[in-house]
Amino acid sequence: MRRFLSRAATVAVTAATLAAPAVPAGAAAAPELSFRPLHYNINGYNWGGYAATGSGFTSVSASWTEANATCNSTDDLYAPWVGIDGYGSSTVEQTGVATDCSSGRPVHQAWYEMYPANPVYLSVSSYPVSAGDHITALVTYAGSNNYTLKLTDSTRGWTYSTTKSLSARRVSAEVIIESPTGAYPNFGTLNFTSATVNGSSLGSFGPVALDPSNGAYEARTGALGSGGTSFSETYLRE
């Protein structure tokens, strides 16, 4: 599987060393790759899920159960996340959980990113995540170019919240799965629930549906549920 950075050769941006906490022995931090805006990867590519478009977005949230993924190769890396911006704009304010296979086994690690700054991965000892954990992610615009990124693992009883500053357009809001390497582990089916944008259902914004592809579709985005707050992502191939 070709790596995302070589496939998107038109992007003259390379990932730098992560400003991440130390990871305990035996656990692998996610590779030094950024989760990038979609305009670098038109027609879906490494994004799957839904993107609401417009202007003035102030919040996005969703929940999911962390999938029990199987690694196909050490290239496999993906994350479910929620974020503001990134669909046709050059920033993304986002948070979620990455599943990294670079060690040969799936390692789940919470993270946030204020792209184009590097992603920040949370300590796996202070903020552990395992398959089966119930995760809720929230990004809120707090005014004056400030964004609050909040991630909760209700199964393990922790919440992480941080507020960061970035000048951004707030022209989209997303609930997404993404693979910076273009290679998905087999995550089976992941169900997003309680997906809201600006306090209303994701579906009320008529969002754009995206299927990730790398020459062939890698996952399939399901239809929004009747309430417009739930949908599934189903793995198809690496």
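Structure first, text after, so check above.
Note that the structure is predicted; figures quoted are calculated from it, not measured. (Residues numbered from 1 in each chain as written. Predicted model: local features only at pLDDT ≥ 70, side-chain atom pairs only at ≥ 80, totals over all residues. Heavy atoms only, no water.)

1. Let's talk about the pattern of salt bridges
No. 1: Counted by the stated rule, this structure contains two salt bridges.
No. 2: With its nearest N and O atoms 3.0 Å apart, the salt bridge here joins R220 to D211.
No. 3: Given a relative accessible area of 38%, R220 falls into the partly exposed group.
No. 4: The class of D211 is buried, set by a relative accessible area of 18%. (Salt bridge = Lys/Arg side-chain N within 4 Å of Asp/Glu carboxyl O. Buried < 20%, exposed > 50% of the residue type's maximum accessible area, 1.4 Å probe, protein only.)

2. Looking at unusual backbone geometry
No. 1: Between Y115 and the following residue, P116, the backbone shows a cis peptide bond with an omega angle of 25°.
No. 2: Counting through the fold element by element, P116 comes out in the loop between β5 (107-115) and β6 (120-121).
No. 3: In this structure, D85 is a non-glycine residue whose phi angle is positive, near 75°.
No. 4: Tracing the backbone through its elements, the reader meets D85 in the loop between β3 (77-84) and β4 (92-100).
No. 5: One non-glycine residue, R170, lies in positive phi territory at about 60°.
No. 6: Mapped onto the fold, R170 is located in the loop between β9 (158-165) and β10 (172-178). (Helix = DSSP H or I, 4+ residues; strand = E, 2+ residues; numbered from the N terminus.)

3. Details of the environment of Y121
No. 1: For Y121, the location among the structural elements is in strand β6.
No. 2: In this structure the C-alpha to C-alpha distance between Y121 and A98, which are 23 residues apart in sequence, comes to 8.9 Å.

4. Points about the pairing of strand β1 (residues 47-53)
No. 1: Of all seven residues that make up β1, six are buried, and the element is covered over most of its length.
No. 2: Where β1 lies against β10, seven bridges are found, and the strand directions are antiparallel. Directly across from A52, in β10, lies its bridge partner A173.
No. 3: Strand direction decides the pairing type here: β1 and strand β13 (residues 208-210), joined by three bridges, are antiparallel. Looking at the pairing, Y50 lines up with A209 of β13. (Pairing = 2+ DSSP bridges.)

5. Comments concerning the environment of A69
No. 1: Note that A69 resides in the loop between β2 (59-65) and β3.
No. 2: Along the primary structure A69 and L190 are separated by 121 residues, whereas in three dimensions their C-alpha atoms are 10.0 Å apart.

6. Thoughts on the packing of aromatic side chains
Given two aromatic rings, one states the distance between the centres and the angle between the planes to describe the pair.
No. 1: Going through the model one piece at a time under the given rule, you end up with 13 aromatic pairs.
No. 2: Aromatic side chains W47 and W81 sit 5.2 Å apart centroid to centroid with 80° between the ring planes, which places their arrangement in the edge-to-face category. On the criterion of sequence distance, the pair formed by W47 in strand β1 and W81 in strand β3 is long-range, its members being 34 residues apart.
No. 3: Overall, W81 belongs to the buried group, its relative accessible area being 0%. (Phe/Tyr/Trp six-rings, centres within 6.5 Å; stacked < 30°, edge-to-face > 60°.)

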